[in-house]
Amino acid sequence: MNIELRHLRYFIAVAEELHFGKAAERLNISQPPLSQQIQALENEIGARLLERTNRSVSLTPAGQMFLKESYQIMAQVNAAATRAARMEKGELGEISIGFTSTTPFMHLVTLSLRQFRENYPEVGIHMHQMNTKQQISPLLTGRIDLGIMRNTTLPDNLHHQLLFREPFILAVYEGHPLLAYKETGVNIQDIGQYPFVFFERDVGTALYDEIIQLLSLSGITPTIAQEAGEAMTILGLVAAGLGISIVTKSFTRMKVDGVHYLHFANSQAFSEVWLVSHNKRAIPAAANRLTQLLLKNILDHQKS
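- As annotated in an unreviewed UniProt entry, the protein is LysR family transcriptional regulator from Proteus cibi.
- According to the UniProt record, the Sequence similarities (unreviewed entry) comment for the protein is "Belongs to the LysR transcriptional regulatory family."

**Observations regarding the nonpolar core**
Here is step 1: Counting 37 residues, the largest nonpolar core has Leu 170, Leu 178, Ile 191, Leu 215, Ile 246 and Tyr 261 as its most contacted members.
Here is step 2: Contributions of two or more residues to this core are made by β6 (158-173), β7 (196-199), α7 (205-217), α8 (231-239), β9 (245-248) and β10 (259-263).
Here is step 3: For Leu 215, the contacting residues outside a window of four places in its chain are Ile 188, Ile 191, Phe 196, Phe 198, Ile 220, Pro 222 and Ile 246.
Here is step 4: Ranked by size, the runner-up nonpolar core spans 23 residues in total, among them Ile 97, Phe 116, Val 273 and Ala 286.

**A short note on the UniProt feature "domain: HTH lysR-type" (unreviewed entry) in the protein**
Here is step 1: Under the feature "domain: HTH lysR-type" (unreviewed entry), the UniProt entry names residues 3-60.
Here is step 2: Helix makes up 62% of residues 3-60 and strand makes up 10%, while its end C-alpha atoms are separated by 19 Å.

**Description of a nonpolar patch on the surface**
Here is step 1: Taken together, the side chains of Leu 5, Ile 73 and Val 77 define a hydrophobic patch exposed on the protein surface, amounting to about 190 Å² of accessible area.
Here is step 2: Judged by relative accessible area, which is 32%, Val 77 ranks as partly exposed.

**Details of the pairing of strand β11 (residues 270-278)**
Here is step 1: Extensive coverage of β11 is indicated by the burial of eight of its nine residues.
Here is step 2: In terms of strand pairing, strand β5 (residues 146-150) meets β11 through four bridges, oriented antiparallel. Across the sheet, residue Arg 150 finds its bridge partner in β11, namely Val 273.
Here is step 3: Here β6 runs beside β11; their pairing, made up of nine bridges, is antiparallel. If you follow Pro 167 over to β11, its bridge partner there is Phe 270.

**Focus on the packing of aromatic side chains**
Here is step 1: As enumerated under the stated definition, the model contains five aromatic pairs in all.
Here is step 2: On the numbers, 5.0 Å between centres and 45° between planes, the contact of Phe 116 with Tyr 120 is tilted.
Here is step 3: In this structure Phe 116 comes out as buried when scored by relative accessible area, which is 0%.
Here is step 4: Owing to a relative accessible area of 18%, Tyr 120 belongs among the buried residues under this scheme.
Here is step 5: Pairing Phe 198 with Tyr 208 gives two aromatic rings, centres 5.5 Å apart and planes at 80°, and the pair type is edge-to-face. Note that Phe 198 is positioned in strand β7 and Tyr 208 in helix α7, a separation of 10 residues in sequence.
Here is step 6: For Tyr 208, a relative accessible area of 15% gives the class buried.
Here is step 7: Three or more aromatic residues joined by ring pairs form one cluster here, namely Phe 196, Phe 198 and Tyr 208.

Conventions and cut-offs
Residues numbered from 1 in each chain as written. Predicted model: local features only at pLDDT ≥ 70, side-chain atom pairs only at ≥ 80, totals over all residues. Heavy atoms only, no water. UniProt positions renumbered as here; feature names shortened; annotations may be inferred. Core = buried A, V, L, I, M, F, W, Y, C linked by side-chain atoms within 4.5 Å. Buried < 20%, exposed > 50% of the residue type's maximum accessible area, 1.4 Å probe, protein only. Helix = DSSP H or I, 4+ residues; strand = E, 2+ residues; numbered from the N terminus. Contact = heavy atoms within 4.5 Å. Patch = residues over 30% accessible without salt bridge, like charges linked within 9 Å, V, L, I, M, F, W, Y side chains within 5 Å. Areas by Shrake-Rupley, 256 points an atom, 1.4 Å probe, with all protein chains shown as cover. Salt bridge = Lys/Arg side-chain N within 4 Å of Asp/Glu carboxyl O. Pairing = 2+ DSSP bridges. Phe/Tyr/Trp six-rings, centres within 6.5 Å; stacked < 30°, edge-to-face > 60°.

As structure tokens, then:
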């Protein structure tokens, strides 16, 4: 059966006007072609939809039923077109995002996600916690659209944008001798004698490597007393006096009793946070819109 949308539009116009001349004028076509199209529609369906006399046009029972169904079909088509246009604009759809365990403590990232959720409630956001290196394969295969990660070596098909640089911070427990430098800042060279609490190597891969490199550049081989997989666990172990830890500034949003944060004196040490995507595979428009919001918030913050 070969019924086109224009046949439905023609039929609806005639059914509503019950006059071929008025319907033709409304459709901006001449009357004879309209009559021919309606007759072709009836022939295609195999049912008479309209009763015609020299003075009037009326719907047959089959025509009344077909009019009701035609309204529903046109409404579905219009709704589909509207949804497609909104998806193209990034106003609805799905986004899959990979993120490291420290991402939830990055204010500008969480602010952007909250704003996006409020502005575009019909976009489904699916968050997947993975360390930096674990995000690479899902980005390549398309399982995730965006990755929020630390700086690392990326394959050629992945593209990164720098979101911001986070200074490294020292976390120490209550009564620790290094608290004497709370105002002036701690020299990295002065922390090597103390035991450390570290991320587990297979959890915070990029951050682990960066901190080891930072200490190595200062001639320090750390004594790792404890390792933990979660940020809150690390700080809890610091609070318990099991060691000190080098973390990034986003950690300071976590207020843990017995933990103090010290900045490093005369140090430009920082960790880069990247937004990564595939440079050859198109990502959803909603992901592009989220990216634009995130970059705008970061730019506004840098200007303030």
